[in-house]
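Examining the three-dimensional arrangement
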Amino acid sequence: MSMQGRTVMITGAAGSLGRAVAEAFYSAGATLALVDLQLEGLQKAYPGSDPRRRLLAANLTDADSAAQAVQQAGRVDALCNIAGGFSMGTPVHSTPAAEWKKMWDINALTLLNMVQAVVPGMIAQGRGSIVNVGAGAGQKGAALMGAYSVSKSAVIRMTEAMSAELREQGVNVNCVLPSIIDTPPNRAAMPDADPSKWVAPQDLASVILFLCSDAARAVHGAALPVVGLS
C-alpha cells in the first residue's frame, strides 16, 4: 500500500487519531499536509522541520479558511477527514440549539468545507481518495447522543452521495465507523473500562490507509465498521 509520490491531507492532525494516521501515511512514503486549528498544536505534535510534512493552521468551520489550507497544500491526492468531536448531550427535546450547531459544525460542516475545496482538483487530475470518519453512533440513535448521532449520520450520507457522484470521475469516497477509540481523553472519561477492547488509533489508521490506497480502488461508498472488541 505504497503512497510514494502522493500528497495526503489530514485534518485534525494534532489529535490522537490524526497523529496515528499521519504516521501510517508517512511510513507508506506520502508527503503530508497536516491541518489543525492551532499551529502550536501541530508544532508540538510534529516537532522539527521535515520537507515531507507541511503544517497548516485552519478553522475548518469556515469555508474560506479551509479553501486557503487546500490552496497552500497544492495537489491533494488523498483527503482524510479526521477533524471532529464528541460530547454526551441531553434528551433530544431539551438539547439547546447551540449544542446541535456545535456537533453539526465540528463533524459535518468541517467535512463539507474540506470536500468543497478539494474535490474540484481531484476531478481535474482524474483521481483521488477521500476517507471520512463517521461513527457507529451514526447508524442508530442512542439516548443522550442525539446531536452527535445526527451529525455522524450526516457524515455517512454525505459519503454515500459523494461516492455516487464522483466514482465515475476516478475519485473514491468511503468512511470508517469506529466505536470507542483508545485515546487519553477516552481513558480519562471511562477509567473503569477495559481499553484493550477499544480500537487502537494505529489499527484504525491502517484501515484508512487501505481505503486511500490502490488496493481499494474498487471500493466506493463503503461505511466500514471498525470496532475492535467493543
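The structure this text deals with has already been given above.
The sections below set out a description of the structure shown in this document. Computed from a predicted structure; not experimentally measured. (Residues numbered from 1 in each chain as written. Predicted model: local features only at pLDDT ≥ 70, side-chain atom pairs only at ≥ 80, totals over all residues. Heavy atoms only, no water.)

Concerning the pairing of strand β4 (residues 78-81)
Neither face of β4 is left uncovered, since the one carrying A78 and C80 and the one carrying L79 and N81 both have all their residues buried. Alignment of strand β1 (residues 7-11) against β4, held across 3 bridges, turns out to be parallel. Bridge pairing in β4 places I10 opposite C80. Pairing geometry for β4 and strand β5 (residues 128-133), over 4 bridges, is parallel. Considered in β5, the bridge of C80 is made with V131. Each parallel crossover has a hand, and the one from β4 via helix α4 (residues 97-125) to β5 is right-handed. (Buried < 20%, exposed > 50% of the residue type's maximum accessible area, 1.4 Å probe, protein only. Helix = DSSP H or I, 4+ residues; strand = E, 2+ residues; numbered from the N terminus. Pairing = 2+ DSSP bridges. Right-handed = clockwise from strand over helix to strand, strands pointing away.)

Notes on the nonpolar core
Ranked by size, the top nonpolar core spans 34 residues in total, and within it I10, F25 and I208 carry the most contacts. By residue number, the principal contributor to this core is helix α7 (residues 201-212), which donates 7 residues. Excluding residues that lie within four positions of it along the chain, I10 makes contacts with G18, V21, A22, F25, L32, A33, L34, V35, C80 and I82. By size, the runner-up hydrophobic cluster in this structure holds 28 residues, among which are A69, A108, M122 and V171. (Core = buried A, V, L, I, M, F, W, Y, C linked by side-chain atoms within 4.5 Å. Contact = heavy atoms within 4.5 Å.)

Here's the deal with the side chain of T95
With respect to the helices, strands and loops of the structure, T95 is situated in the loop between β4 and α4. What T95 contacts, discounting residues up to four positions off in sequence, is T90 and W100.

What about helix α1 (residues 16-27)?
Helix length check: α1 (12 residues) gives 17 Å between terminal C-alpha atoms against 16 Å at 1.5 Å per residue, within 8%. Of all the positions in α1, only L17, G18, A20, V21, A22, A24 and F25 are classed as buried. Those residues of α1 hidden inside the fold are in contact with β1, β2 (31-36), β4, β5 and α7. Phi turns positive one or two residues past the end of α1, at G29, with a value near 100°. (Expected span 1.5 Å × (residues − 1).)

Concerning the pattern of salt bridges
The tally for this structure, following the rule as stated, stands at 7 salt bridges. With its nearest N and O atoms 3.3 Å apart, the salt bridge here joins D50 to R53. A relative accessible area of 25% means that R53 is categorised as partly exposed. Here the salt bridges share partners, and the residues they tie into one network are R6, R127 and D214. (Salt bridge = Lys/Arg side-chain N within 4 Å of Asp/Glu carboxyl O.)

Looking at the side chain of E99
Relative to the elements of secondary structure, E99 occurs in helix α4. Look at E99: it is buried, it has no salt bridge, and the nearest opposite charge is K102 at 4.6 Å. Once residues lying within four places of it in the same chain are set aside, the contact partners of E99 are S87 and A147. (Lys, Arg positive; Asp, Glu negative; His and termini not counted.)

A closer look at the sheet that holds β1
Across the sheet, which stays open at both edges, the 7 strands sit in the order β3-β2-β1-β4-β5-β6-β7 with parallel pairing between neighbours. The open sheet is flanked by β3 (53-57) and β7 (223-226), the only strands paired with a single partner. Ignoring which end each strand starts from, the neighbouring axes of this sheet average 20° apart. Where β2 and β3 come together, 5 bridges link them in parallel fashion. Following the sheet pairing, D36 is matched in β3 by A57. (Axes fitted to C-alpha atoms, helices over the stretch in contact; angles between N-to-C directions.)

Section: the packing of α1 against α7
Across the interface, α1 lies against α7 with an axial gap of 8 Å and an inter-helix angle of 50°. One element, α1, and the other, α7, form an angle in the oblique class. Here α1 runs over α7; the crossing is right-handed. Residue-level inspection shows S16, L17, A20, V21, A24 and F25 of α1 in contact with α7, the latter providing P201, Q202, L204, A205, I208, L209 and C212. Looking at the contact of α1 with α7 residue by residue, the class counts come to 11 nonpolar, 2 polar and no charged. (Parallel < 35°, antiparallel > 145°, perpendicular 65-115°, else oblique. Left-handed = near helix turned anticlockwise from the far one by under 90°. Nonpolar A, V, L, I, M, F, W, Y, C, P; charged D, E, K, R; others polar.)

Quick look at the pairing of strand β6 (residues 171-178)
With 8 of 8 residues buried, β6 lies mostly within the body of the structure. Because side chains alternate across β6, one face comprises the buried residues V171, V173, C175 and L177, and the other comprises N172, N174, V176 and P178, equally buried. As defined by bridge partners, β5 adjoins β6 across 6 bridges and the pair is classed as parallel. Looking at β6, one finds that I130 is bridged to V173. At this point the chain moves from β5, through helix α5 (residues 146-166), to the parallel β6, and the crossover so formed is right-handed. As paired elements, β6 and β7 share 4 bridges and run parallel to each other. Note on β7: the bridge partner recorded for L177 is P225.

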